[in-house]
Amino acid sequence: MRADLRFKETQKFTQWWLWLIILAPIVLTAISIISTLISLYGGSISNDSGNVSISWISGRISMVQFIFVLIYVATILFLALSKLKVLVSDKEIKISHLLFFQKVINLSDINEAKKIDYDFVGYGIRKTKKYGTVYNVKGKKGVALTLTNGKKYLIGSKKPTELLAAISN
């Protein structure tokens, strides 16, 4: 770890209700598969040869369903691996969001920094008229920055007081 590091925070998507919404289709699908298996192997469905039919497995998945499943799994992985990481050093603020985005703000470019409680602005990277570019993973607290060039940023944080102190020093 660098000696000039003043603040470090990592946040992940851990909201229970978000994961409930995302994982509900998996639970419902599992229940459906289990009930189908019970009815198949319970002797209620058989073909003329006496073998249990497994036609529900083969030939029943369309390309659209397959693409939907791939997108669904990719979304789950994306949220599971995504995080907002904020590092404040003696010279700059580094914001890493999701898996691939990084923003660097020089501390010398900051005109104003203040701790705020804000209304829900969504999750991820957002552009708003009121706050400028917002980096948010959870909660409604953070630090609002106004740069000398007039650009605005809002960094969501579970520790906004500590983040502001690290920026202000």
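Our subject is the structure listed above.
First, a word on what this report is: a plain description of the structure on this page.

Criteria and thresholds
Residues numbered from 1 in each chain as written. Predicted model: local features only at pLDDT ≥ 70, side-chain atom pairs only at ≥ 80, totals over all residues. Heavy atoms only, no water. Pairing = 2+ DSSP bridges. Helix = DSSP H or I, 4+ residues; strand = E, 2+ residues; numbered from the N terminus. Axes fitted to C-alpha atoms, helices over the stretch in contact; angles between N-to-C directions. Contact = heavy atoms within 4.5 Å. Phe/Tyr/Trp six-rings, centres within 6.5 Å; stacked < 30°, edge-to-face > 60°. Buried < 20%, exposed > 50% of the residue type's maximum accessible area, 1.4 Å probe, protein only.

**Digging into the sheet that holds strand 4 (residues 101-106)**
So, step 1. Spatial ordering of the open sheet is given by 1-2-3-4, a layout of 4 strands whose pairing is antiparallel. Across the chains shown, the open sheet's two edge strands, defined by having one partner strand only, are strand 1 (7-12) and strand 4. Averaged over all adjacent pairs, the angle separating strand axes in this sheet is 10°, with direction ignored.
So, step 2. The sheet contact formed by strand 1 and strand 2 (residues 83-88) spans 6 bridges and is antiparallel. Bridging from a neighbouring strand, Lys8 pairs with Leu87 of strand 2.
So, step 3. Contacting strand 1, strand 2 and strand 3 (92-97), helix 3 (residues 160-168) runs over the sheet at an angle of about 35° to strand 2.

**Quick notes on the packing of aromatic side chains**
So, step 1. One pass over the structure, following the stated rule, counts 3 aromatic pairs.
So, step 2. For the ring pair Tyr135 and Tyr153, a centre distance of 6.4 Å and an interplane angle of 15° mean the geometry is stacked. With Tyr135 in strand 7 (residues 132-136) and Tyr153 in strand 9 (residues 152-156), this residue pair connects regions lying 18 residues apart in the sequence.
So, step 3. The exposure class of Tyr135 is buried, given its relative accessible area of 2%.
So, step 4. Each residue in the set Phe101, Tyr135 and Tyr153 is aromatic and connected to the rest through ring pairs, giving one cluster.

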